[in-house]
Amino acid sequence: MHQGNPPMSAPPSRGGGYQGRPPRAPQIRRIGSRELMGPSGQLIIRHAGDDYRLRVTSKGKLILTK
């Protein structure tokens, strides 16, 4: 009768990494679109030397254009 593979166990610690829980990821900022874009409903974002326009469409969606 075949008994299968023995259960796997965690490898022994080598002392180079953290022990216990992994470090927490930094919090991602959350900001409302109205607060971000103001009454105009548009915002210019400068990225890597180029300007991008973020705006609210007539159907209430967001669109980013270069």
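Residues numbered from 1 in each chain as written. Predicted model: local features only at pLDDT ≥ 70, side-chain atom pairs only at ≥ 80, totals over all residues. Heavy atoms only, no water.

Asks: Help me understand the overall build of the protein, please; the structure alone is not making it clear to me.
Replies: When helices and strands are tallied, the protein shows one helix and three strands. Counting from the amino terminus, the protein carries its helices and strands in the arrangement α-β-β-β. When burial is assessed residue by residue, the protein has 5% of its 66 residues classed as buried. Partitioning the intrachain contacts of the protein with sequence separation of at least 6 by distance along the chain shows that 2% fall at a separation of at least 24. When the accessible surface of the protein is split by element, carbon and sulfur atoms take 53% of a total near 7,000 Å². (Helix = DSSP H or I, 4+ residues; strand = E, 2+ residues; numbered from the N terminus. Buried < 20%, exposed > 50% of the residue type's maximum accessible area, 1.4 Å probe, protein only. Contact = heavy atoms within 4.5 Å. Areas by Shrake-Rupley, 256 points an atom, 1.4 Å probe, with all protein chains shown as cover.)

Asks: Help me out: how do you make sense of the pairing of strand β2 (residues 50-56) in this one?
Replies: When a strand is regular, its side chains alternate between the sheet's two faces. Here six bridges tie strand β1 (residues 42-47) to β2, and the two strands are oriented antiparallel to one another. Its bridge partner being in β2, Arg46 is matched across the sheet by Asp51. (Pairing = 2+ DSSP bridges.)

Asks: Help me understand unusual backbone geometry, please; the structure alone is not making it clear to me.
Replies: Excluding glycine, most residues fall at negative phi; most peptide bonds, likewise, are trans. Its identity as a non-glycine residue notwithstanding, Ala48 has a phi of 55 degrees, on the positive side. Tracing the backbone shows Ala48 in the loop between β1 and β2. Looking at Ala48, the relative accessible area reads 72%, which means it is exposed.

Asks: Any chance you could explain the sheet that holds strand β3 (residues 62-65) here in plain terms?
Replies: Backbone hydrogen bonds hold the strands of a sheet together, and the pairing may be parallel or antiparallel. As summarised here, the arrangement of the three strands in space is β1-β2-β3, forming an open sheet in which the pairing is antiparallel. In this open sheet, the two edge strands, each paired with only one partner strand, are β1 and β3. Averaged over neighbouring strand pairs, the angle between their axes works out to 20 degrees when direction is ignored. (Axes fitted to C-alpha atoms, helices over the stretch in contact; angles between N-to-C directions.)

Asks: Explain the pattern of salt bridges to me, please; I cannot follow it from the model alone.
Replies: Opposite charge on two side chains lets them pair, provided their charged atoms get close. Per the stated rule, a full pass over the model turns up two salt bridges. Between Arg46 and Asp51 there is a salt bridge whose closest N-O contact spans 2.6 Å. Overall, Arg46 belongs to the exposed group, its relative accessible area being 59%. By relative accessible area, which is 38% here, Asp51 ends up partly exposed. For Lys66, the salt bridge identified is with Asp50, shortest N-O distance 3.3 Å. Note that Lys66 is positioned in the segment after β3 and Asp50 in strand β2, a separation of 16 residues in sequence. A residue is classified by how much of its surface remains accessible, and Lys66, at 68% relative accessible area, is exposed. Judged by relative accessible area, Asp50 falls into the partly exposed class, the value being 29%. (Salt bridge = Lys/Arg side-chain N within 4 Å of Asp/Glu carboxyl O.)

These figures come from the coordinates and say nothing about function on their own.
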